[in-house]
Amino acid sequence: MDAFDLSTLVFVIFSLILTAIVYKRRSSNKTKLPPGSFGWPVIGETIDFLFSNPEKFVSNRMKKYSPDIFKTKIMGEKTAVICGPNGHKFLFSNEEKLFTSFRTHSMQRIFQSYQSNSPSPSPSQSTRVIIRQPGFLKPEALTRYLGEMDLITQELLKSHWEGRNEIKTYPFAKFLTLTLACRFFLGTNNTDRITKLVNYFDDITLGLHAMILNFRGTAFYRANKAAIAVRRELIGVIKEKKEEMANGVKMQDILCYMIVVTDSKGKFMPENEIADKIMGLLVAGYSTVATTITFLMKYVGQRSDIYENILIEQKEIVAAKKPGEVLTWEDMLKMKYSWNVICETMRLTPPLQGTFRQVLTDFTYAGYSIPKGWKVYWTASSTNKNPAYFQNPEQFDPSRYEKRDEPTPYTYVPFGGGPRMCPGKEYARLAILTFLHNVVLKYKWELLAPDEKVVGDMMPTPEKGLPIRLHQH
Ligand code: HEM
């Protein structure tokens, strides 16, 4: 072999080795799954996720594996948890391209119309379309509700708080929230019906993320039973409503719209599907608002300086109104400090921990591959308490939201973002501000169990219901 042949051979061998190395590296990069652990066989890390508190679950793993992404297995699903502001941005910008919404298996079983054999695009999507399109929850429609929302809140405070020294905040907040929701979504004021629904909704909410163990005594069993009872009750409401509509009574609530709306073939929605959609809406809007109200009372109850600032703002609003005049949209816009206090409450205690998506196609994020069929989980708490975005994160400080100091984009997302952002955001804002307005004008309060434990998995709950002592002005 002459010198030329030898150098060609060496060159060819060298090129082949190089190509093999590059190919191997590329293909291993392609399938490089995020760091993390799938935990135990079958149950994965579900127990840790639910019982060690989802917020701690995420922050511990962000420290251990990566601040951007880690893998886990929860509720039977291989899941990538996408974290931090970049993760939020990526998720909110790729809805229906890389991901679609995913309800846990327990949710699918509790909400029958969420089951995957439904021919509609995605049942949660159609609920979303229904409540977004006719603009029921848009500011123009909400302006119409506002006066009534104010009057109902005043009435309930009168009947449940007046003349009492002590009350439990959480049960009251739930009753108020459900009363408002029943009025505006179902068009009903029936108190007995609402009291019955509160108990059922508590069971449903607790079962939404429970493991599917369907026997007496389990959270899932109770949730399923409660959902059957709620569906029965709602079908009763639908029938009454149809009768009233047939008699020419004019109504404007979401339920009426669902009764008259038809699909592209002119078919009406079946009653059980309407019931399920209304139930979904009530569940989404019930405990989130009640939890925010409850923790708002807790944080403000601990800080008389903040209470006084809210009172000054609310007194100014009253001073500009005629006696007895109900709240208006313009009044809401003036409640800037009060809203900042509510935002700070949701930062420290996000009422909804996070939600899941289903991966539609393989994709890469932060250098890791996430295969089609996996689930993605995101949570507001991957940024909420990070000192890089919120100085002294444990401190309750409503001034953070003042103009100059606004949080950096995608770090504060209690309502989510992008096309899936909570459609009830404005409604929630009005309901909570209306409550705060009426409460501070009449009462000051002190916490009776300031060190009360917070329990609950995806929805934080004060163990004793946040008992308070009331002092009427
Ligand atoms: C303080 C109160 C509330 C908070 C913090 C909150 C938060 C959220 C969050 C984080 C999501 C998930 C978005 C995602 O998956 O990316 C969501 C979805 C949703 N919320 Fe709210 N929410 C609140 C009140 C309400 C109310 C009052 C209603 C109903 C009137 C409501 C209806 C919904 C619905 C229907 C969805 C599902 C949207 C979809 O899948 O596209 N929420 N909410």
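A quick note: this is a predicted structure, and the numbers were derived from the prediction, not measured. Residue indices follow the written sequence of each chain, beginning from 1 at its first position. Whole-chain, interface and lining totals are the exception, using all residues; otherwise, since this is a predicted model, local features are given only for residues with pLDDT of at least 70 and side-chain atom pairs are given and counted only at 80 or more.

Chemist: Would you mind going over the packing of helix H15 (residues 336-348) against helix H16 (residues 425-442) in detail, with residue names and values included?
Modeler: Running from N to C, H15 and H16 point in directions that differ by 110°, and their axes come no closer than 10 Å. One element, H15, and the other, H16, form an angle in the roughly perpendicular class. Along this stretch, H15 crosses H16, giving a crossing that reads as right-handed. Where H15 approaches H16, its residues Ser338, Trp339 and Ile342 are matched on the opposing element by Arg429, Ile432, Leu433 and Leu436. In this classification, the charged set is Asp, Glu, Lys and Arg, the nonpolar set is Ala, Val, Leu, Ile, Met, Phe, Trp, Tyr, Cys and Pro, and all remaining amino acids, among them Gly, are polar. Grouping the amino acids of the contact of H15 with H16 by side-chain chemistry returns five nonpolar, one polar and one charged. To define axes, lines are fitted to C-alpha atoms, for helices over the stretch in contact only, and angles between the resulting N-to-C directions are given on a 0 to 180 degree scale. Here a strand is any run of E in DSSP of at least two residues, a helix any run of H or I of at least four, and the numbering for each starts at the N terminus. Any angle from 65 to 115 degrees is called roughly perpendicular, while one under 35 is roughly parallel, one over 145 is roughly antiparallel, and all others are oblique. A clockwise turn of the near helix away from the far one marks a right-handed crossing, whereas an anticlockwise turn of less than a right angle marks a left-handed crossing. For the purpose of contact definition, each residue receives a C-beta atom placed from its backbone, and two residues are in contact when these atoms lie within 7 Å.

Chemist: Hey, could you go over the pairing of strand S5 (residues 354-359) for me, with residue numbers and the actual values?
Modeler: Along a regular strand, successive side chains alternate from one face of the sheet to the other. Pairing between strands requires that DSSP locate at least two bridges from one strand to the other. Relative to S5, strand S3 (residues 99-102) runs antiparallel, the two being bridged by four bridges. Considered in S5, the bridge of phenylalanine 102 is made with phenylalanine 356. The pairing of S5 with strand S8 (residues 375-379) spans five bridges and is antiparallel. Note on S8: the bridge partner recorded for glycine 354 is threonine 379.

Chemist: Can you explain the environment of leucine 206? Please cite residues and give values.
Modeler: Looking at where leucine 206 falls in the secondary structure, it is placed in helix H9 (residues 191-207). With 13 residues separating them along the chain, leucine 206 and alanine 219 place their C-alpha atoms 6.5 Å apart. Discounting residues that sit within four places of it in the chain, leucine 206 has contacts with Ala219 and Ala223.

Chemist: Break down helix H3 (residues 54-64) for me, with residues and values.
Modeler: Exposure classification rests on a simple neighbour count of other C-beta atoms within 10 Å of a residue's own: a residue reaching 20 or more is buried, one at 12 or fewer is exposed, and one in between is partly exposed. C-beta atoms are placed from the backbone. Every buried residue of H3 is accounted for by Pro54, Glu55, Phe57, Val58 and Arg61. Angular distribution of buried residues about the axis of H3 spans 165°; they occupy a single face of the element. Facing away from the buried side of H3, by more than 90 degrees, are the exposed residues Lys56, Lys63 and Lys64. As for H3, its buried residues are in contact with helix H2 (46-51), strand S1 (69-74), strand S2 (77-82), S5 and S8. Arc definition: directions from the helix axis to the C-beta atoms.

Chemist: Account for the UniProt feature "transmembrane region" (unreviewed entry) in the chain, naming residues and giving values.
Modeler: UniProt positions are given in the numbering used here, feature names are shortened, and annotations may be inferred rather than shown by experiment. UniProt records the feature "transmembrane region" (unreviewed entry) at residues 6-23 and 278-300, using the numbering of this structure. This span, residues 278-300, is 100% helix and 0% strand, and a straight line between its end C-alpha atoms measures 33 Å.

Chemist: With reference to specific residues and values, describe unusual backbone geometry.
Modeler: In terms of backbone geometry, most residues other than glycine have negative phi values and most peptide bonds are trans. Its identity as a non-glycine residue notwithstanding, glutamate 96 has a phi of 60°, on the positive side. Relative to the helices and strands, glutamate 96 resides in the loop between helix H4 (84-93) and S3. Despite not being glycine, leucine 466 has its phi angle at roughly 55°, a positive value. Relative to the elements of secondary structure, leucine 466 occurs in the loop between strand S11 (461-462) and strand S12 (467-472). When the 27 C-beta atoms within 10 Å are taken as the criterion, leucine 466 is described as buried.

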